[in-house]
Amino acid sequence: MKIVLLLVLVAAAYGQQPEPCEAPSVWEANVGVQDFSRGYFVRARMSYDKYNQRVRRIEEVDERSEGREFYDILYLHNTMPGKEYRLNMRTKQCETRMLNHPFRPFEIPDNATHLGDFVIGTKGAPHEGVEVTAWGERGERGEWMGVFTSMGCVPVNDMFFSNETGRVSMEIFDVTLGIADANVFIPPRECTTPPPP
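Residues numbered from 1 in each chain as written. Predicted model: local features only at pLDDT ≥ 70, side-chain atom pairs only at ≥ 80, totals over all residues. Heavy atoms only, no water.

Participant: Just to check I follow, could you spell out the overall build of the protein chain for this structure?
Facilitator: The helix and strand tally for the protein chain stands at 2 helices and 11 strands. For the protein chain, the proportion of its 197 residues judged to be buried stands at 37%. A separation threshold of at least 6 residues defines the contact pool for the protein chain, and within that pool the share at least 24 residues apart is 42%. Accessible surface for the protein chain amounts to roughly 12800 Å². Of this, 55% is attributable to carbon and sulfur atoms. (Helix = DSSP H or I, 4+ residues; strand = E, 2+ residues; numbered from the N terminus. Buried < 20%, exposed > 50% of the residue type's maximum accessible area, 1.4 Å probe, protein only. Contact = heavy atoms within 4.5 Å. Areas by Shrake-Rupley, 256 points an atom, 1.4 Å probe, with all protein chains shown as cover.)

Participant: How do you make sense of the sheet that holds strand β7 (residues 113–121) when you look at a structure like this?
Facilitator: In a beta sheet, neighbouring strands are held together by backbone hydrogen bonds and run either parallel or antiparallel to one another. Strand order in the open sheet made by the 11 strands is β6-β5-β4-β3-β2-β1-β11-β10-β9-β8-β7, with antiparallel pairing throughout. Across the chains shown, the open sheet's two edge strands, defined by having one partner strand only, are β6 (94–98) and β7. Across this sheet, the average inter-strand angle for adjacent strands is 20°, counted without regard to direction. Of the pairings in the sheet, the one linking strand β1 (residues 26–35) to strand β2 (residues 40–49) comprises 10 bridges and is antiparallel in character. Among the inter-strand pairings, Val33 is bridged to a residue of β2, identified as Val42. (Pairing = 2+ DSSP bridges. Axes fitted to C-alpha atoms, helices over the stretch in contact; angles between N-to-C directions.)

Participant: How do you make sense of the environment of Met89 when you look at a structure like this?
Facilitator: Turning to its location among the elements, Met89 is positioned in the loop between β5 (83–88) and β6. The exposure class assigned to Met89 is partly exposed, which follows from its relative accessible area of 33%. Note: C-alpha distance between Met89 and Asp72 (17 residues apart in sequence) is 6.6 Å. Not counting residues within four places of it along the chain, the set of residues in contact with Met89 comprises Ile58, Phe70, Tyr71 and Asp72.

Participant: Is there a simple way to explain the nonpolar core in this structure?
Facilitator: If you look at soluble globular proteins, the nonpolar side chains tend to sit buried side by side. By size, the foremost hydrophobic cluster in this structure holds 18 residues, and its most contacted members are Trp27, Val31, Met46, Tyr48, Phe106, Met170 and Ile172. Of all hydrophobic cores here, the second largest spans 8 residues; its members include Ala23, Ala112, Trp144 and Phe160. (Core = buried A, V, L, I, M, F, W, Y, C linked by side-chain atoms within 4.5 Å.)

Participant: I keep staring at the packing of aromatic side chains and nothing clicks. Help me out?
Facilitator: Each pair of aromatic rings is reported with the distance of its centres and the angle of its planes. Using the criterion set out here, one finds 5 aromatic pairs in the structure. Measuring from centroid to centroid gives 5.5 Å for Trp27 and Phe106, while their planes differ by 70°, and the two rings are edge-to-face. One end of the pair, Trp27, is in strand β1; the other, Phe106, is in the loop between β6 and β7, and 79 residues separate them in sequence. Among the residues examined, Phe106 registers a relative accessible area of 10% and is labelled buried. Arranged with centres 6.4 Å apart and planes meeting at 50°, the rings of Trp144 and Phe148 form a pair that is tilted. (Phe/Tyr/Trp six-rings, centres within 6.5 Å; stacked < 30°, edge-to-face > 60°.)

Participant: Teacher, can you tell me more about the side chain of His77 here?
Facilitator: For His77, the location among the structural elements is in the loop between β4 (67–76) and β5. Reaching out from His77, the side chain makes a polar contact with the backbone nitrogen of Phe103 at a distance of 3.4 Å. In this structure, His77 is in contact with Gln53, Gly82, Leu99, His101, Pro102 and Phe103, ignoring residues within four places of it in sequence. (Polar contact = N/O pair within 3.5 Å; in protein donor to acceptor, adjacent residues only side chain to side chain.)

Participant: Sorry, what's going on with the state of the cysteines here?
Facilitator: Two cysteines joined by a covalent bond between their sulfur atoms form a disulfide. Enumeration over the complete set of coordinates arrives at 2 disulfides. Across a sulfur-sulfur distance of 1.9 Å, Cys21 and Cys153 are joined as a disulfide pair. On the S-S bond that ties Cys21 to Cys153, the torsion sits near 65°, and the link is right-handed. With Cys21 in the loop between α1 (2–15) and β1 and Cys153 in the loop between β9 (143–149) and β10 (155–162), this residue pair connects regions lying 132 residues apart in the sequence. Among the residues examined, Cys153 registers a relative accessible area of 2% and is labelled buried. Sequential numbering of the bridged cysteines in the protein chain gives the disulfide pattern 1-3, 2-4. (Disulfide = S-S within 2.5 Å.)

Put into structure tokens, the structure is as follows:
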């Protein structure tokens, strides 16, 4: 009888499907982005605001064939149509473009599948590793996989693949919750003043 009860409890424990956690809505972090199809690596400081659908990245882009470039990029999805301001920090030239893609929040979609839980770092020693949870989703726009901390649901990795973008993977680290300076979402001065005659 005890064995049957133990088997029922074990089956019930394994039969539970984890629920997606709720990721922070406003944060800043350092990120590393690898775009495999275009062949470049980006190191950046990123500010993220889900509520107002805004992202700012100060980037150092390392392109295989062209060397390094430095950009200040602001994505404003909260305007109609959405706008991208891209300032080349070396040349001080600014490009303003309409965004042709929707805002993609750093969160676990409702229909995502739980892929597992694991530890980044050392599992055996206390405070030497970080417990994370992995989720994935296949949709019309492409395939996504995200890794979030088990405590706090902070994004650690975000990978997206589509025929349009190829595979793009972002590592997220040194996360601080909130935005230190709200002016970070104001377009660079070079992008809002007319060029001299």
